[in-house]
Amino acid sequence: SKDFKELIDTGTYELIDVRSVEEHNSFNIGGKNIPVNEIEKNSSLINLEKSIVMYCATGKRSGEAVTIFKNKFPGAEVFSLEGGLEALSEEKRIIK
């Protein structure tokens, strides 16, 4: 299994940071910042050709964002980073 950093580096994933602009500006891992409450109206900014990984601080908001996104694009390959950035900083996480 590959760790998250390796997966990011392959460039095959579209990373979406669903946290607030303030949170994103204070710390980010390079994803596009589209806050969870703007996912639906800004979905055109997301590349559907790639597998999409949404993340936030703990995984709660990204889970909600994935649900919203899948309702709009049922065929999209979209995942939530389990445990969010907090888990990522604690240990190397793999995507589920």
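Here the structure is shown first, and the text comes after it.
Residues numbered from 1 in each chain as written. Predicted model: local features only at pLDDT ≥ 70, side-chain atom pairs only at ≥ 80, totals over all residues. Heavy atoms only, no water.

Quick notes on the packing of aromatic side chains
Applying the stated criterion to the full structure yields one aromatic pair. With a centroid separation of 4.9 Å and 40° between ring planes, the pair formed by Phe69 and Phe73 is classed as tilted. Judged by its relative accessible area of 1%, Phe69 is buried. Classification of Phe73 by relative accessible area gives partly exposed; the value is 23%. (Phe/Tyr/Trp six-rings, centres within 6.5 Å; stacked < 30°, edge-to-face > 60°. Buried < 20%, exposed > 50% of the residue type's maximum accessible area, 1.4 Å probe, protein only.)

A look at the sheet that holds strand β3 (residues 51–55)
Overall, parallel pairing links the four strands, which are arranged β2-β1-β3-β4 in an open sheet. A strand with exactly one partner marks an edge of an open sheet, and here the two such strands are β2 (32–33) and β4 (78–80). Sheet topology note: the strand β1 (residues 13–17)/β2 ladder contains two bridges and is parallel. Counterpart to Asp17 in the pairing with β2 is Asn33. Strands in contact with helix α3 (residues 60–72) are β3 and β4; relative to β4, the strand with the most contacts, it is inclined by about 160°. (Pairing = 2+ DSSP bridges. Helix = DSSP H or I, 4+ residues; strand = E, 2+ residues; numbered from the N terminus. Contact = heavy atoms within 4.5 Å. Axes fitted to C-alpha atoms, helices over the stretch in contact; angles between N-to-C directions.)

Considering the environment of His24
Assignment of secondary structure puts His24 in helix α2 (residues 21–26). Linking His24 and Ile34, residues 10 residues apart in sequence, is a C-alpha distance of 9.5 Å. For His24, the residues in contact, after removing those within four places along its chain, are Asp17, Arg19, Gly31 and Asn33.

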